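Remarks on the overall topology
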Amino acid sequence: RGWTFGRMQGLEEAQLVADAVSYAVTHGIVMVKREKDADAESGETDVMAGLTLTHAPFTLRPSKFDRNAFENALSTAPMFSELIHAMSQDSAFINDALADTAASDEFTRRLLAVHNAATLSDSHAGLAQP
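Since this is a predicted model, take the numbers as computed values, not measurements.

**A look at helix H3 (residues 67-88)**
Residues spaced three or four apart along an α-helix point in a common direction, a consequence of the helix completing one turn every 3.6 residues. Along its 22 residues, H3 runs 31 Å from first to last C-alpha, staying within 8% of the 32 Å computed at 1.5 Å per residue. For H3, the principal kink sits at Ala77 and spans about 40°; a proline, Pro78, occurs within the next four residues.

See below:
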């Protein structure tokens, strides 16, 4: 038996929301929000001042979606996929984009080292997955 959203009571719905938010946060479905005028109010110059990490918006219930927006998303998806694929094949771009992060984050630094070992060696030209 699955959940019937229309029949859920307060505590059940609250638990479902809590579980969904927990899932989003633990699976990287997050975004950074800047509190309005946080820098001006606090007088801080720290670039991190006023930033909050939160889950990305989502819905647990069916909702209307504008047909034109859906068709636009559908028509642009192949171009977006091509862009992501092209970026993933460009080692210079990847190294440049992750240089600052790799300088301060060991995990990213090690991951970038693995990427470079796999893609920049002469014996692995034109890597392909089996």
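The rest of the description comes next.
**With respect to a nonpolar patch on the surface**
The grouping of Val25, Val30, Val32 and Leu53 at the surface amounts to a nonpolar patch, some 350 Å² of accessible area in total. With respect to the helices, strands and loops of the structure, Val30 is situated in strand E1 (residues 30-34).

**A closer look at the packing of aromatic side chains**
Going through the model one piece at a time under the given rule, you end up with one aromatic pair. Residues Phe65 and Phe70 carry aromatic rings whose centres are separated by 6.4 Å and whose planes lie at 85° to one another, so their mutual orientation is edge-to-face. Given the relative accessible area of 58%, Phe65 is considered exposed. A residue is classified by how much of its surface remains accessible, and Phe70, at 42% relative accessible area, is partly exposed.

Rules and cut-offs
Residues numbered from 1 in each chain as written. Predicted model: local features only at pLDDT ≥ 70, side-chain atom pairs only at ≥ 80, totals over all residues. Heavy atoms only, no water. Helix = DSSP H or I, 4+ residues; strand = E, 2+ residues; numbered from the N terminus. Expected span 1.5 Å × (residues − 1). Bend = angle between axes of the 7 residues up to and from the residue. Patch = residues over 30% accessible without salt bridge, like charges linked within 9 Å, V, L, I, M, F, W, Y side chains within 5 Å. Areas by Shrake-Rupley, 256 points an atom, 1.4 Å probe, with all protein chains shown as cover. Salt bridge = Lys/Arg side-chain N within 4 Å of Asp/Glu carboxyl O. Phe/Tyr/Trp six-rings, centres within 6.5 Å; stacked < 30°, edge-to-face > 60°. Buried < 20%, exposed > 50% of the residue type's maximum accessible area, 1.4 Å probe, protein only.

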